[in-house]
Amino acid sequence: MKITIHGVRGSMPTSGPQTIHFGGNTSCIEVSKDDWTLILDAGTGIQKIPVDNISSKKRIDILLTHLHLDHIQGLGFFKPLFNPAMEVHFWGPASITHPLQKRLGRYFSPPLFPVHFRDIPAMLIMHETGNGRFDIGPFTIESAFVIHAGPTVGYRISDGSSVFTYIPDHEPALGRTGMISDARWLSGGGLAYEADLLLHDAQYSAEEYATRKGWGHSSIEDAGKFASLSKVKSVLFSHFDPSHNDDYLKEIFRCFEEKCDYQFKYAQAMEGMVIDL
């Protein structure tokens, strides 16, 4: 499978010369194999996905981890939604309060957006995800709820030869005693276990996380520990704080490298990065 990074920021997009190295768009990943394309989250990075090939296939699958604004704010500017010949499948976390379509409809309505969901010309098909498994084309996908504010899932995507796990918003260290050391009981542990590549939340430094416990995000140190416990082969740190410029992100990573001795490969995610698994 081919993985293309289109957005790496958390909470809100940033722009300017100080964020150009890693990029300023919010979460969006493109996963493709053969004639199938998955879009993981629909932050502002979704605008960077070439739509000509997608439109010719007449179907696109958008997998949402949750419905915080930074993960859906690009939807209103995604051209395939306004093509009546397109079939758009939304996959997103189930809720005990309202169905997925109604919750997405809150964004597609004034004053947040001028176009109502009911007026979107594409054929919209909703799938509510939780702790389960489903297939899309050549992909077998597992979803599971993870620790984050509101209904939130992570995804484990396999094409039969490799595994990519996507958990961009996650706080596995939250608890009375911190992070559980047994991956079988660790939030997201089953999704990440022995994955070829894990993309994981690393919004804070350890010092920042100490004053932000319960906010739903991880420090880079906790993301590294999670990856180690899950026995992944490589990890990309992502969902960067919008207040962190390129120099600060590089410094956080340098400090992480000085303190860790993990055997798996690790790096910071960047917009435009392409990985072939």
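As the structure is a computational prediction, the values presented were derived from the model and not from experiment. (Residues numbered from 1 in each chain as written. Predicted model: local features only at pLDDT ≥ 70, side-chain atom pairs only at ≥ 80, totals over all residues. Heavy atoms only, no water.)

Go over the overall build of the chain, please, and point to the residues and values.
A count of helical and extended segments in the chain gives six helices and 14 strands. The C-alpha atoms of the chain give 18 Å as radius of gyration, which agrees with the globular expectation for 277 residues (19 Å, within 12%). Along the three orthogonal principal directions, the C-alpha set of the chain runs to about 55 × 40 × 35 Å. When contacts within the chain are restricted to residue pairs at least 6 apart in sequence, those whose partners lie at least 24 apart make up 67%. Each charge class in the chain can be summarised by its mean position, and for the 25 positive and 32 negative side chains these summaries are 3 Å apart. (Helix = DSSP H or I, 4+ residues; strand = E, 2+ residues; numbered from the N terminus. Rg over C-alpha atoms; globule rule 2.2 N^0.38 Å. Contact = heavy atoms within 4.5 Å. Lys, Arg positive; Asp, Glu negative; His and termini not counted. Charge placed at Lys NZ, Arg CZ, Asp CG, Glu CD.)

Tell me about the sheet that holds strand β4 (residues 59–63), and please be specific about residues and values.
The seven strands lie next to each other as β6-β5-β4-β3-β2-β1-β14, forming an open sheet whose pairing is mixed. Every interior strand has two partners, whereas the edge strands, β6 (123–129) and β14 (274–276), have only one. The sheet shows a mean angle of 20° between the axes of neighbouring strands, direction not considered. Both strand β2 (residues 28–33) and strand β3 (residues 36–40) contribute to a ladder of five bridges, which runs antiparallel. Residue pairing across strands places isoleucine 29 opposite leucine 40, the latter belonging to β3. Packing of helix α2 (residues 100–107) onto the sheet brings it into contact with β5 (87–93) and β6, and relative to β6 it is tilted by some 120°. (Pairing = 2+ DSSP bridges. Axes fitted to C-alpha atoms, helices over the stretch in contact; angles between N-to-C directions.)

Quick rundown of helix α5 (residues 220–229)? Include the residues and the values.
The element α5 is extensively covered by neighbouring structure, given that seven of its 10 residues are classed as buried. Burial in α5 covers these residues: Ile220, Glu221, Asp222, Ala223, Gly224, Phe226 and Ala227. Looking at the buried positions of α5, the neighbouring elements they touch are β10 (163–167), α3 (189–192), β11 (197–201), α4 (206–209), β12 (234–238) and α6 (246–259). Just beyond α5, the residue with positive phi is lysine 231, at close to 60°. (Buried < 20%, exposed > 50% of the residue type's maximum accessible area, 1.4 Å probe, protein only.)

Talk me through the packing of aromatic side chains; I want residue IDs and the actual numbers.
For the coordinates displayed, the defined rule picks out 16 aromatic pairs. When the ring of tyrosine 107 is compared with that of phenylalanine 108, the centres are 5.0 Å apart and the planes differ by 80°; the resulting orientation is edge-to-face. On the basis of relative accessible area, tyrosine 107 is assigned to the buried category, the value being 6%. Between the aromatic rings of tyrosine 262 and phenylalanine 264, the centroid separation amounts to 5.0 Å while the plane-to-plane angle is 15°, which identifies the pairing as stacked. Of the aromatic side chains, those joined through ring pairs into one cluster are Phe77, Phe90, Tyr107, Phe108, Phe113 and Phe117. (Phe/Tyr/Trp six-rings, centres within 6.5 Å; stacked < 30°, edge-to-face > 60°.)

Any chance you could break down the side chain of threonine 14 for me, citing the residues and the numbers?
Tracing the sequence through the fold places threonine 14 in the loop between β1 (2–7) and β2. What makes threonine 14 buried here is its relative accessible area of 18%. Those residues in contact with threonine 14 that lie beyond four places of it in its chain are Arg9, Thr19, Gly24 and Pro242.

Would you mind going over the state of the cysteines in detail, with residue names and values included?
Using the criterion set out here, one finds zero disulfides in the structure. Sulfur of cysteine 255: no disulfide; nearest cysteine sulfur belongs to cysteine 260 and is 11 Å away. (Disulfide = S-S within 2.5 Å.)

Residues and numbers for α2, please.
Those residues of α2 not exposed but buried are Leu100, Arg103, Leu104, Gly105 and Tyr107. Elements in contact with the buried residues of α2: β5 and β6.

Residues and numbers for the pattern of salt bridges, please.
Oppositely charged side chains can pair when the atoms bearing their charge come close. In total, this model carries nine salt bridges according to the counting rule given. With a closest N to O distance of 2.9 Å, glutamate 271 and lysine 48 form a salt bridge. Within this pair, whereas glutamate 271 is found in the loop between β13 (265–268) and β14, its partner lysine 48 is found in the loop between β3 and α1 (52–57), the two being separated by 223 residues in sequence. On the accessibility criterion, glutamate 271 (17% relative accessible area) is buried. Taking the relative accessible area as the measure of exposure, lysine 48 reaches 41% and is therefore partly exposed. When the shortest N-O distance is used, the salt bridge between arginine 133 and glutamate 142 registers 3.2 Å. We classify arginine 133 as exposed; its relative accessible area is 61%. Salt bridges sharing common partners tie together Glu251, Arg254 and Glu258. (Salt bridge = Lys/Arg side-chain N within 4 Å of Asp/Glu carboxyl O.)

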